[in-house]
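Fold and geometry: a report
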Amino acid sequence: EYKWLYQFPLPIPQTKALNRVIPHPTTGKDINYYEVEIKELKQQVYPDRGPATLVGYDGLAPGPTFQMQRGTEAVVRFINKSKNPNSVHLHGSYSRAPFDGWAEDVTKPGEYKDYYYPNGQNARTLWYHDHAIDITAVNAYYGQAGVYVLHDAEETALNLPSGDYDVPLVLSSKQYNSDGSLYSPASETTSLYGDVIHVNGQPWPYFKVEPRKYRFRFLDASISRTFQLYFESDKKLGQKQEFNVIGSDAGLLSSPQKVTDLYISMAERYEVVIDFSKFKGENATLRNSRKIGADIDYLHTDKVMKFVVGKDSVEDKSDLPSSLRTIPYPKDRTTIDHEFLFERKDGGWRINGVSFADTANRVLAKPARGKVETWKLINGGGGWSHPIHIHLVDFKVVSRKNGRNAVMPYEAAGLKDVVWLGPNEEVVVEANYAPWDGLYMFHCHNLIHEDHEMMAAFNVSFLAD
Ligand code: C2O
Ligand code: CU
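Let me sum up the structure you'll find in this document. (Residues numbered from 1 in each chain as written. Chains lettered and ligands numbered in written order. Predicted model: local features only at pLDDT ≥ 70, side-chain atom pairs only at ≥ 80, totals over all residues. Heavy atoms only, no water.)

1. Notes on the nonpolar core
In terms of nonpolar packing, the biggest core is built from 59 residues, with Phe 216 and Phe 307 touching the most fellow members. Ignoring anything within four residues of it in the chain, the contact list for Phe 216 reads Val 167, Leu 169, Phe 207, Tyr 270, Glu 271, Val 272, Ile 274, Phe 276 and Phe 307. Counting 33 residues, the second-largest nonpolar core is a separate cluster that includes Leu 364, Ile 388, Tyr 440 and Ala 456. (Core = buried A, V, L, I, M, F, W, Y, C linked by side-chain atoms within 4.5 Å. Buried < 20%, exposed > 50% of the residue type's maximum accessible area, 1.4 Å probe, protein only. Contact = heavy atoms within 4.5 Å.)

2. Quick notes on empty space enclosed by the protein
In the structure shown here, the tally under the stated rule is six cavities of 30 Å³ or more. Of the pockets and cavities examined, the largest cavity occupies roughly 160 Å³. What lines the largest cavity is a set of 18 residues, and nearest its centre among them are Ala 140, Tyr 141, Gly 143, Ser 172 and Lys 174. Those elements that provide at least two residues to the lining of the largest cavity are helix H1 (136-141) and strand E10 (166-174). (1 Å grid on protein atoms, 1.4 Å probe; cavity = no way out; pocket = protein on both sides within 12 Å on 5 of 7 lines; lining within 4 Å. Points joined across faces, edges and corners; volume = space filled by probe spheres on them. Helix = DSSP H or I, 4+ residues; strand = E, 2+ residues; numbered from the N terminus.)

3. Comments concerning the coordination of the copper ion (ligand 2)
Those protein atoms acting as donors to the copper ion (ligand 2) are His 386 (ND1), Cys 444 (SG) and His 449 (ND1), and they sit at 2.0 to 2.1 Å. Counting along the primary sequence, the residues that act as donors to the copper ion (ligand 2) give the motif H-x57-C-x4-H. Separated by 58 residues along the polypeptide, His 386 in strand E26 (residues 386-390) and Cys 444 in strand E30 (residues 438-444) bring together distant segments of the chain. Here His 386 and Cys 444 have matching classes, each one buried. (Donors = N, O, S within 2.8 Å, 3.2 Å for Na, K, Ca; no water.)

4. Observations regarding the pairing of E26
Summarising burial for E26: five of the five residues are buried, a large majority. Of the two faces of E26, both are covered, the one formed by His 386, Ile 388 and Ile 390 as well as the one formed by Pro 387 and His 389. By the bridge criterion, four bridges tie E26 to strand E28 (residues 418-421) in an arrangement that is antiparallel. Following the sheet pairing, His 386 is matched in E28 by Leu 421. Judged from the three bridges that link them, E26 and E30 form a sheet pairing that is antiparallel. Note on E30: the bridge partner recorded for Ile 388 is Cys 444. (Pairing = 2+ DSSP bridges.)

5. Notes on the packing of aromatic side chains
Taken as a whole and judged by the stated rule, the model has 41 aromatic pairs. Here Tyr 46 and Tyr 176 contribute two aromatic rings whose centre-to-centre distance is 5.5 Å and whose plane-to-plane angle is 75 degrees, an arrangement assigned as edge-to-face. With Tyr 46 in the loop between strand E2 (30-43) and strand E3 (52-57) and Tyr 176 in the loop between E10 and strand E11 (196-199), this residue pair connects regions lying 130 residues apart in the sequence. Ring centres of Phe 216 and Phe 307 lie 5.3 Å apart, and the angle between their planes is 45 degrees; this geometry places the pair in the tilted category. With Phe 216 in strand E14 (residues 213-220) and Phe 307 in strand E21 (residues 303-309), the pair connects residues that are 91 residues apart, well separated along the chain. For Phe 307, a relative accessible area of 0% gives the class buried. Geometry around Tyr 230 places Lys 240 over its ring, the cationic atom sitting 4.7 Å from the centre. (Phe/Tyr/Trp six-rings, centres within 6.5 Å; stacked < 30°, edge-to-face > 60°. Lys NZ or Arg CZ within 6 Å of the ring centre and 35° of its normal.)

Put into structure tokens, the structure is as follows:
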């Protein structure tokens, strides 16, 4: 049992330093060049046990945070100094297929690969994580995950809380052995929910904040746990406090969505603004609800972190505008182009009965480039949740049935690249399959399901099917 709740400060992942700029061979524009080493690190998680051995980007877990500007391309060299093969996926980027972290495109220990990132999309919170075939869960869980923030001028002009007041909060849930080492998910075949909740790698941290507005970028980097987050002040226990959701996977929402509860499943990103000026001199706790799908609850999995709010008023020059951006929704249509059933079958996890290992049959869709397609995602039951991620595109969540029966307002107010398919749910999503041709993956982001074959491919083609 972990006895040091809210005893250690929230670590803030360091910003990734630029190695150099390279002129683009044809445009002459600067390309930002970075190098990242994938290597071991030790982390003292339990003060009274041995350290845990992790493997992270630059020997950090989470990895360093990339701060990128829209319009400046980047090349990142990932050098594998670990013992496992790796493949890096920049989740949220419309990367070209050869740089998208295709599961079988692995870099062996001792080798490196240069990934080219276009940074051409609107401002958003992306993340980079491992995607190597069959060992994604292990690699991501041991630390290969980091935040990648893309900024643009339109967003900067909104004057949202920025700098020290714009903070990534990477959630993850893990389990430890009695000697303090990590319990490995390697032999798990269904899920590893974990009893220790981490934020930015630290179990149940505290964070000292000023009584003003903050922007937090939540990412659920857990391999199997979904959260339903809420806030309460220690002065008013049991009373959920309101906060604003301002962004999701594909960037800002159309307008801030006031909530008391926020569902966030694996790989989803939600950005929120919390105004601590109403909690001056109080402690505010970020909590998690119990009984989410089949997730297993443990003693402290209903707690996440504590905010210690300063007593003295500060000047807050940031804004929270009532309108944030115009969402480029795909054109609505009524036909369903594809239905995909996500289910447990023959002791494994399948999409329409197909496993990713079935190379002859795993291409389940061939959208023409630039065409809007509507996909119905169906949860085949058993109480499991399946957060479904479609690479390359930003999609609109059109409808949700047989569970919550409604798209959450904060899902509807923006575009997504992961959608949580709760137990028995049916969700319809719509996307423009663009801007590139190529073979891309879609899969469940419970990484144990993904490693056990709940993954398939779609081939975006210039030629119509
Ligand atoms: Cu975040 Cu295909 O993954
Ligand atoms: Cu799943």
